[in-house]
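Residue strings, one per chain:
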Amino acid sequence: MENEMFNKDKRSQIEEYGEHYSPQELFFKLARVAKNAGVKIVYCVLILYYALMYGDLTVKEKSVIIGVLGYFILPIDLIPDLLPLGYTDDLSLIIFVVTKMKKSFTEDIRKMAVDRLKKYFDNIDEESLTL
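Bear in mind the structure is a predicted one, so any value in this text is a computation, not a measurement. (Residues numbered from 1 in each chain as written. Predicted model: local features only at pLDDT ≥ 70, side-chain atom pairs only at ≥ 80, totals over all residues. Heavy atoms only, no water.)

1. Structural notes on the confidence of the model for the protein chain
Piece 1. Scored by pLDDT, the protein chain has a mean of 83; 79% of the residues are at 70 or more.
Piece 2. By mean pLDDT, the top-scoring element of the protein chain is helix α6 (residues 107-117) (96), and the lowest-scoring one is helix α1 (residues 8-16) (71). (pLDDT = per-residue confidence, 0-100. Helix = DSSP H or I, 4+ residues; strand = E, 2+ residues; numbered from the N terminus.)

Right under this line is the structure:
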């Protein structure tokens, strides 16, 4: 994200969703939707959460993560989450941010995400979780 992954307007739009973020709400939503959202999106959400908590990030990076996680929590978004393709918009935004920040994810952050992922899914192919 050091190359300004968003222009200022786009970043401020994403950051506005941060008002919907709280760790409690995030894990409450994950408990409700993990199976429907799928392993990949849940893993990426967890990577962002643990990067936010334990990563060496700039204030801008943290505010973008908080905004993205707030967007994930928000029950009403571009494509309602209850529809068959309801997580498409969430996934697109989350994957974009994860891809831009993947150098910030230490092995410890990845391990914490995988460990928490195992609470939602029984059989996880860790090889398929590479970012």
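Here the narrative resumes.
2. A few points about the packing of helix α3 (residues 39-54) against helix α4 (residues 59-73)
Piece 1. Packing of α3 against α4 leaves a shortest axis separation of 10 Å and a crossing angle of 140°. Between α3 and α4 the crossing geometry is left-handed. Contacts between α3 and α4 involve I41, V45, L48, Y49, A51 and L52 on the former and, on the latter, K62, I65, I66, V68, L69 and F72.
Piece 2. Per-class residue counts for the contact of α3 with α4 are 11 nonpolar, no polar and 1 charged. (Axes fitted to C-alpha atoms, helices over the stretch in contact; angles between N-to-C directions. Left-handed = near helix turned anticlockwise from the far one by under 90°. Contact = heavy atoms within 4.5 Å. Nonpolar A, V, L, I, M, F, W, Y, C, P; charged D, E, K, R; others polar.)

3. Observations concerning the environment of A51
Piece 1. Relative to the helices and strands, A51 resides in helix α3.
Piece 2. Separated by 51 residues in sequence, A51 and K102 place their C-alpha atoms 9.7 Å apart.
Piece 3. Setting aside anything within four residues of it in sequence, one finds A51 in contact with L57, I65, F105 and I109.

4. Remarks on the packing of aromatic side chains
Piece 1. The tally for this structure, following the rule as stated, stands at 4 aromatic pairs.
Piece 2. Between F27 and Y49 the ring centres are 4.9 Å apart and the planes differ by 85°, which places this aromatic pair in the edge-to-face class. Separated by 22 residues along the polypeptide, F27 in helix α2 (residues 23-37) and Y49 in helix α3 bring together distant segments of the chain.
Piece 3. Overall, Y49 belongs to the buried group, its relative accessible area being 11%.
Piece 4. Aromatic pair Y49 and Y50: ring centres 4.9 Å apart, planes at 75°, arrangement edge-to-face.
Piece 5. The exposure class of Y50 is buried, given its relative accessible area of 9%. (Phe/Tyr/Trp six-rings, centres within 6.5 Å; stacked < 30°, edge-to-face > 60°. Buried < 20%, exposed > 50% of the residue type's maximum accessible area, 1.4 Å probe, protein only.)

5. A word on the pattern of salt bridges
Piece 1. As enumerated under the stated definition, the model contains 2 salt bridges in all.
Piece 2. Between D115 and K111 there is a salt bridge whose closest N-O contact spans 2.9 Å. Of this pair, D115 and K111 both sit in helix α6, 4 residues apart, which is roughly one turn of that helix.
Piece 3. On the basis of relative accessible area, D115 is assigned to the partly exposed category, the value being 35%.
Piece 4. K118 is paired through a salt bridge with E126; the nearest N and O atoms lie 3.2 Å apart.
Piece 5. Since its relative accessible area comes to 43%, E126 is described here as partly exposed. (Salt bridge = Lys/Arg side-chain N within 4 Å of Asp/Glu carboxyl O.)

6. As for the nonpolar core
Piece 1. Within the largest apolar cluster, 42 residues are counted, with the highest numbers of intra-cluster contacts made by L26, L30, V42, L46, L48, L69 and I94.
Piece 2. Mapped by element, the contributors of at least two residues to this core are α2, α3, α4, α5 (88-101) and α6.
Piece 3. Contact partners of L69, with chain neighbours within four places excluded, come to Y21, L26, V45, L48, Y49 and L52. (Core = buried A, V, L, I, M, F, W, Y, C linked by side-chain atoms within 4.5 Å.)

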